[in-house]
Amino acid sequence: MATSTPVSVPDKRHEDPVIILNGDSLTLEDLVLLGQMPPVCRVAISDEVARLVTEGRAMLEAMSANETIYGVNTGFGSLARVKIPPSDVEQLQLNLIRTHAAGVGEPVPHNISRMVFALRLNTLSKGHSGCTLETLQRMVSAFNAGCVPRIPCQGTVGASGDLAPLAHLALSLIGEGEMWDDATNTWIAAKEVLERKGCSPIHLHSKEGLAMTNGTPFITSICTQALLEAEKTLEQAVIVAALSLEAAGGTDKCFDARIHGVRKHSGQQWVAEYMRSLLTSGPTQEHSTIHEALAKTKVQDSYTLRCVPQVYGVTRDMLKWVRGILSVEINSVTDNPLVFLPDTVLSGGNFHAEYPAKAADMLAIAIQDVANMSERRIFKLTTGSLSNGLPACLATSPGVTSGCMIVQYTAAAVTSENKVLVHPSSSDTIPTGEGIEDHVSMGGYSARKAIQVVDNVQKVVGIELLTACQALAYRHRDGITSTPVLEAVYNHVRHTRGVPSMVDGDHYISPDMATCIDVIKKGELLPIVKQFIGTL
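Everything numeric here is computed off the predicted structure, so don't read it as measured data.

For the rest of this paragraph, the subject is the packing of helix α1 (residues 28-35) against helix α4 (residues 110-124). Close contact between α1 and α4 brings their axes to 7 Å; oriented N to C, the two are set at 125°. With respect to α4, the element α1 is oriented oblique. In the packing of α1 onto α4, the handedness of the crossing is right-handed. For the pair α1 and α4, the contacting residues are Leu31, Val32, Leu34 and Gly35 in the first and His110, Asn111, Arg114, Met115, Ala118 and Leu119 in the second. Among the residues forming the contact of α1 with α4, the class breakdown is 6 nonpolar, 3 polar and 1 charged.

In this section: the state of the cysteines. A full pass over the atoms with the stated rule returns 0 disulfides. Left unpaired, Cys153 is separated from the closest cysteine sulfur, that of Cys223, by 16 Å. Overall, Cys153 belongs to the buried group, its relative accessible area being 13%.

On to unusual backbone geometry. A cis amide bond links Met37 with the next residue in sequence, Pro38, at an omega value of -5°. Mapping Pro38 onto the fold places it in the loop between α1 and β2 (42-45). Cis geometry is adopted by the peptide bond preceding Pro337, which originates at Asn336 and carries an omega value of -5°. Its place among the elements puts Pro337 in the loop between α14 (308-329) and β7 (338-340).

Here we come to the packing of aromatic side chains. According to the stated counting rule, one finds 4 aromatic pairs in the structure shown. Between Tyr70 and Phe76 the ring centres are 6.4 Å apart and the planes differ by 90°, which places this aromatic pair in the edge-to-face class. With a relative accessible area of 22%, Tyr70 lands in the partly exposed category. Against the face of Phe143 rests Arg114, its NZ or CZ located 3.8 Å from the ring centre. Over the ring of Tyr445 we find Lys449, and its NZ or CZ is 5.5 Å from the ring centre.

Following the sequence through the fold, Ile45 ends up in strand β2. The class of Ile45 is partly exposed, set by a relative accessible area of 22%. It is 9.0 Å that separates the C-alpha atoms of Ile45 and Asn122, two residues lying 77 residues apart in sequence. Among residues more than four places away in sequence, those in contact with Ile45 are Leu21, Ser125, Leu133, Leu136 and Val140.

This structure, assessed with the given rule, holds 26 salt bridges. Residues Glu61 and Arg57 are paired through a salt bridge, measuring 2.9 Å at the closest nitrogen-oxygen approach. Within this pair, Glu61 and its partner Arg57 are both found in helix α2 (residues 47-64), separated by 4 residues, close to a single helical turn. Among the residues examined, Arg57 registers a relative accessible area of 7% and is labelled buried. The salt bridge partner of Asp256 is Arg258, with a shortest N-O separation of 2.8 Å. With relative accessibility at 26%, the residue Asp256 sits in the partly exposed group. Through salt bridges with shared partners, a single network forms among Arg497, Asp518, Lys522 and Glu524.

What counts and what doesn't
Residues numbered from 1 in each chain as written. Predicted model: local features only at pLDDT ≥ 70, side-chain atom pairs only at ≥ 80, totals over all residues. Heavy atoms only, no water. Axes fitted to C-alpha atoms, helices over the stretch in contact; angles between N-to-C directions. Helix = DSSP H or I, 4+ residues; strand = E, 2+ residues; numbered from the N terminus. Parallel < 35°, antiparallel > 145°, perpendicular 65-115°, else oblique. Left-handed = near helix turned anticlockwise from the far one by under 90°. Contact = heavy atoms within 4.5 Å. Nonpolar A, V, L, I, M, F, W, Y, C, P; charged D, E, K, R; others polar. Disulfide = S-S within 2.5 Å. Buried < 20%, exposed > 50% of the residue type's maximum accessible area, 1.4 Å probe, protein only. Phe/Tyr/Trp six-rings, centres within 6.5 Å; stacked < 30°, edge-to-face > 60°. Lys NZ or Arg CZ within 6 Å of the ring centre and 35° of its normal. Salt bridge = Lys/Arg side-chain N within 4 Å of Asp/Glu carboxyl O.

Rendered as structure tokens:
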């Protein structure tokens with residue numbers, strides 16, 4: 001599972017920025033930042049949050065003394081009909097955590113564990129979950145101390161929330177699960193980690209086990225990570241597509257604003273404008289010498305060059321839709337039952353993860369088409385009959401040298417993997433909980449697949465970047481160049497990152513591929529291009 005690139009960390013804890021959690025104002029960027037390890041910021045709750053949590057808890061305790069409230073003085077799921085005596089309500093919560101911590105598989109990366117932790121804190125901060133202020137404060141202390149709970153990656157069906165993953169989170173916070181130990185770089189008993197960091201284990205009161213395990217933070221956190229990576233990748237994919245078009249001697253007539261003005265999809269228009277900005281320069285919109293030599297009289301190109309705005313545009317629009325869904329979800333209350341001041345407790349279904357599950361599936365489907373297009377352009381650049389005069393396989397002496405032949409094979413293999421991974425998990429459901437939970441989202445796998453799909457797309461776009469730069473080197477040999485902005489991209493790969501040209505012959509190419517993939521993963525093309533065209 002991919003992680004985001006670490007950022008610089010302040011030397012002193014008191015210098016770390018603080019994000020105030022109130023259940024309303026958390027951004028997706030905040031959430032990813034909170035996942036960074038070592039920690040780069042802390043969380044805090046406001047006096048207003050403390051008041052709402054305290055009042056909500058007092059109301060819940062008063063009502064449960066005289067009324068039957070699901071999960072407070074009843075069993076769970078299909079056992080909701082069982083009444084629990086007051087003497088057992090705390091044991092009920094403890095049993096819930098122990099038995100629901102039933103996940104399997106490898107632990108999620110540290111940044112995802114921390115994002116899940118932060119998102120659960122944000123939900124509890126809204127005051128509708130009925131937890132005590134003491135519990136919330138102990139969770140905040142553990143988070144700020146850098147605790148990383150061990151959360152297995154498999155086990156949630158995304159219906160009564162992410163029960164298994166969140167139970168593992170809760171289990172570690174009560175001192176019975178596992179947490180990461182920085183000293184030994186391994187997972188050890190959570191109780192020992194809490195002690196070392198000066199944190200107290202949580203003592204569960206009535207309702208609190210349910211409040212900590214009911215909800216969608218696991219699916220939503222992974223999907224959020226995938227989204228931010230996808231957005232960064234898409235913009236760079238546009239840049240690389242322009243570089244490939246230039247290297248292939250393609251025409252930019254298809255990006256004329258008039259064409260896209262009569263089909264008013266915002267994503268399509270944005271991509272077309274971006275392509276125009278990359279393929280011309282200066283106040284008079286001058287073309288490159290490559291264009292003048294190879295494309296000036298050309299009428300049109302194949303679809304993977306001509307239809308970049310139409311394909312990448314809808315990808316951008318779908319990612320905007322996903323962003324909207326997740327922005328709401330991270331500031332929502334997704335557990336059950338819910339406390340509403342001054343005197344109401346309601347049981348509903350906000351834990352159902354269909355929203356983030358569908359968002360994850362749509363993200364994967366949308367971003368995969370970037371790889372589909374990218375791989376075909378790699379094929380075009382490495383096929384002599386399709387590349388407008390470039391040598392076969394971009395090889396100096398085709399036959400004696402192989403150039404980028406197998407590079408295209410690798411891109412094809414990775415792209416093909418994604419074609420299986422994009423099958424939507426949320427189209428499936430297997431009833432659980434003795435039929436009470438008779439429809440589930442299966443969003444856990446939707447999210448995990450989405451981040452894997454994005455990672456694969458980054459690989460393919462990185463390979464295209466390498467291939468386009470190798471193709472451009474041949475154009476340079478012929479005395480023609482691209483636009484200043486695209487030459488700057490080329491120079492970053494060739495000189496700043498040290499990827500050698502194959503014009504002089506074959507060499508070990510795998511490290512070059514890894515470097516170009518790393519360029520995409522780190523978003524290195526974005527600031528380069530911004531210097532020339534600004535932010536579109």
